[in-house]
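Descriptive analysis of the structure
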Amino acid sequence: MIESIREIDKLPGDYKTEIHYIGQILEGRGFDTDIGLQCEVQLEYGESWMELPQKSDTPMQTQTSYPGKDEIFVWCHPVDLHFATDSIFGSPKLLIRVWRLDDLGRIDLFSYGVCSLPCTTGYFMLNCPTWRPIGNWRDEAMSFFVGGPPKLTNEDALNKNLDLRKKVKTVSSGSVYIELEVLLKNFEKHWTISKPLS
Amino acid sequence: MSLLYGTRENEDHQAKDFTYKAETGPLAEGLPEDYKYPDDGGLTRKGFQRKSRLLEPPAPISDEPYDPESELASFLYMNITGQIETSNIITTDLVQVKYTFITGSEWDLIDGKKSQESQFAKRIPGSNLVTWNMEFQVGYRSLSPEGWPVIVIELRSPTRTPDVNQIKGYACVHVPTFPGTTTKIAKIFCPVKDTWWSMMKAKLWGPQCEIIEDPQQIADCEGREVTSVFYSGQVNVTFNVTQRNFERFGYKTF
């Protein structure tokens, strides 16, 4: 139980810059299927960023949603992240993979997406459009009739090595909506990063 | 000779003759005793100063300005009010809303009730909206913003047996982190069994919801990889948030 927080009693950890991301992975729109979709989200960040309290090993995976009214896929997966940093470079990004669940219980990778998280305070509704790679006419016919759309062989093309993207042909897919609120701690002493008052 | 009240001649010795207009005359007959000014001698300026010197001691003289950071044992405080307004869920039944606030382990409830149930509401045949206008008021304190409060909404409708309710869907939304009034849209999802027959029923007659008794499971991430869900509308919620001590902890939220 903390009894007092005078300046003398503050620890060096109290002066560190921290970010909270609070929100939900809301929904997906514009996907042309009647079959259930699932969204898997993986975090990537630079070396000087630290995830509190522990580093998470598994990516976040949402529930499978079937489209009801208006062809909207609802996930509503809660997101509560806490980072501590020493430098702003290498700010966190989300790698999004959308999976499709058939009637027979098969799971296919449906589309990819990358989204970088904001570093200013406020409320954000992020719209991340997704895409899927294309193969031959043979691969497309197989994926239409049998299942199993083409996937990326080297997934560094998403974020780590963007030079590999020159060799990829893609087709566009739906978009994923993420609702986030950002809280910054102690940023004013080190960087002036905040929304200007209107 | 006309007497002028408040002049130098009549300052003190005429104080007993001084009355307000309402104390005498035809308007004062029905007035209770409390509304008539008693004559303490405090109606003149000198008498008022004499009285105030007795009641209030003089303020202590200090050179340093007040430092709010010198107070002990401070927390982050938050006051959340608002209402669950309307929704565009597709039913012709009566629908009831039950809300619960769910937080992490560090947040303590100071004021208000965590969960309440509303009335059973129906929509007009021509329009889309079901209105509840259900108010909530809740106060929290904590030491860190982890486990930010979440409002979990359950939608229920009555069945033929009394006191047994059938669930239409669940929705959940985070409380906004900045002070002010905001309206948020919560999407309703309806968890459904994975069997073939329940999927056919869902496509033909509408999804039949599974019952989740603990609202903590709806706000959590665990167990979500195995559930399948239908979308059935949205709920509009407005929040009014005020905060205290967030700047002292280092957070600037506005």
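Residues numbered from 1 in each chain as written. Chains lettered and ligands numbered in written order. Predicted model: local features only at pLDDT ≥ 70, side-chain atom pairs only at ≥ 80, totals over all residues. Heavy atoms only, no water.

Let me state the cut-off plainly: UniProt positions are given in the numbering used here, feature names are shortened, and annotations may be inferred rather than shown by experiment.
Under an unreviewed UniProt entry, the name given to chain B is B9 domain-containing protein 1, and the organism recorded is Stentor coeruleus. Under Subcellular location (unreviewed entry), UniProt gives the following word-for-word description of chain B: "Cytoplasm, Cytoskeleton, Cilium basal body".

As annotated in an unreviewed UniProt entry, chain A is B9 domain-containing protein 2 from Stentor coeruleus. Under the heading Subcellular location (unreviewed entry), UniProt records this for chain A: "Cytoplasm, Cytoskeleton, Cilium basal body".

1. Comments concerning the nonpolar core
For clarity, the cut-off: Nonpolar cores are built from buried Ala, Val, Leu, Ile, Met, Phe, Trp, Tyr and Cys residues. Side-chain atoms within 4.5 Å join them into one set. Accessibility here uses a 1.4 Å probe with only protein chains present; expressed as a share of the type maximum, an area under 20% marks a residue as buried, one over 50% as exposed, and anything in between as partly exposed. Here a strand is any run of E in DSSP of at least two residues, a helix any run of H or I of at least four, and the numbering for each starts at the N terminus. Working rule for contacts: check all heavy atoms of both residues, and any pair within 4.5 Å makes them a contact.
Counting residues in hydrophobic clusters, the biggest one holds 35 residues, and the most contacted among them are I84, W132, F136, I151 and F239 of chain B. In terms of residue count, the dominant contributor to this core is strand 5 (residues 130–142) of chain B (six residues). Look past the residues within four positions of F239 of chain B in its chain and what remains in contact with it is I80, T81, F136, I151, V173, H174, V175, P176, G180, T181, T182 and K184 of chain B. Formed by 31 residues, the second largest nonpolar core is a distinct cluster that contains V79, F83, V98 and F110 of chain A.

2. Some points on the side chain of T33 of chain A
Residues and elements named next belong to chain A. Counting through the fold element by element, T33 comes out in the loop between strand 1 (17–29) and strand 2 (36–44). For T33, a relative accessible area of 14% corresponds to the buried category. Once residues lying within four places of it in the same chain are set aside, the contact partners of T33 are P67, F73, R100 and F110.

3. Focus on the pattern of salt bridges
Under the convention used in this document: Any carboxyl oxygen of Asp or Glu that lies within 4 Å of a side-chain nitrogen of Lys or Arg is treated as forming a salt bridge with it.
Tallied over the full model, the rule gives twelve salt bridges over all chains. Here E154 of chain B ties to R156 of chain B by a salt bridge, and the two come within 3.2 Å at their closest N and O atoms. Pair check on accessibility: E154 of chain B and R156 of chain B agree, each one buried. Salt bridges linked by common partners bring E27 and R29 of chain A together with K187 of chain B together as one network.

4. Quick word on the interface of chain B and chain A
Worth spelling out the cut-off: Take the accessible area each of two parts loses on contact, using a 1.4 Å probe, and add the two losses: that sum is the buried area. Each polar contact in these results corresponds to two N or O atoms within 3.5 Å; when the atoms are within protein, one needs to be able to donate a hydrogen and the other to accept it, and residues that are neighboring in sequence are counted only if both atoms are side-chain atoms. Gly counts as polar in this scheme, as do all residues outside two lists: the nonpolar Ala, Val, Leu, Ile, Met, Phe, Trp, Tyr, Cys and Pro, and the charged Asp, Glu, Lys and Arg. Pairing between two strands is assigned when DSSP locates at least 2 bridges connecting them.
Taken together, the contact between chain B and chain A spans 41 residues of the former and 46 residues of the latter. Between chain B and chain A lies a buried interface of about 3,800 Å² when both sides are counted; carbon and sulfur atoms form 57% of it. At the surface where chain B touches chain A, the tally comes to two salt bridges. Viewed at the interface, chain A and chain B are joined by twelve residue pairs in polar contact (both at pLDDT 80 or more). Looking at side-chain class alone, the side of chain B that touches chain A contains 22 nonpolar, nine polar and ten charged residues. Examined bridge by bridge, strand 5 (residues 64–66) of chain A and strand 9 (residues 228–244) of chain B share three bridges and lie parallel to one another. Opposite Y66 of chain A, over in strand 9 of chain B, you have F230 of chain B as the bridge partner.

5. Some words on the pairing of strand 6 (residues 72–85) of chain A
Residue and element names in this part refer to chain A. Counting buried residues in strand 6 gives 13 out of 14 residues, a clear majority hidden from the surface. Here twelve bridges tie strand 1 to strand 6, and the two strands are oriented antiparallel to one another. Across the sheet, the residue bridging to R29 is I72, located in strand 6.

6. With respect to unusual backbone geometry
Within the chain, C76 of chain A stands out as a residue other than glycine whose phi angle is a positive 50 degrees. For C76 of chain A, a relative accessible area of 0% corresponds to the buried category. A positive phi angle is found at D163 of chain B, which is not glycine, with a value near 65 degrees.

7. Brief notes about a negative patch on the surface
Operational definition: To count toward a patch, a residue needs a relative accessible area above 30% and no salt bridge. Like charges then connect within 9 Å, nonpolar side chains (Val, Leu, Ile, Met, Phe, Trp, Tyr) within 5 Å. For the accessible areas, the method is Shrake-Rupley and the probe is 1.4 Å, while residue cover comes only from the protein chains on display. His is not counted, nor are the chain ends; Lys and Arg add positive charge and Asp and Glu add negative charge. Every charge is mapped to an atom, namely NZ of Lys, CZ of Arg, CG of Asp or CD of Glu.
Side chains of D32, D34, D70 and E71 of chain A sit close together on the surface and give a patch of like negative charge. In this fold, D34 of chain A is placed in the loop between strand 1 and strand 2.

8. Structural notes on the state of the cysteines
Selection criterion: Two cysteine sulfur atoms form a disulfide, by the criterion used here, when they sit within 2.5 Å.
Tallied over the entire structure, the rule returns zero disulfides over all chains. With no disulfide of its own, C76 of chain A has C172 of chain B as its nearest cysteine by sulfur position, at a separation of 5.6 Å. Between C119 of chain A, a cysteine without a disulfide, and C115 of chain A, which holds the nearest cysteine sulfur, the sulfur-to-sulfur distance is 12 Å.

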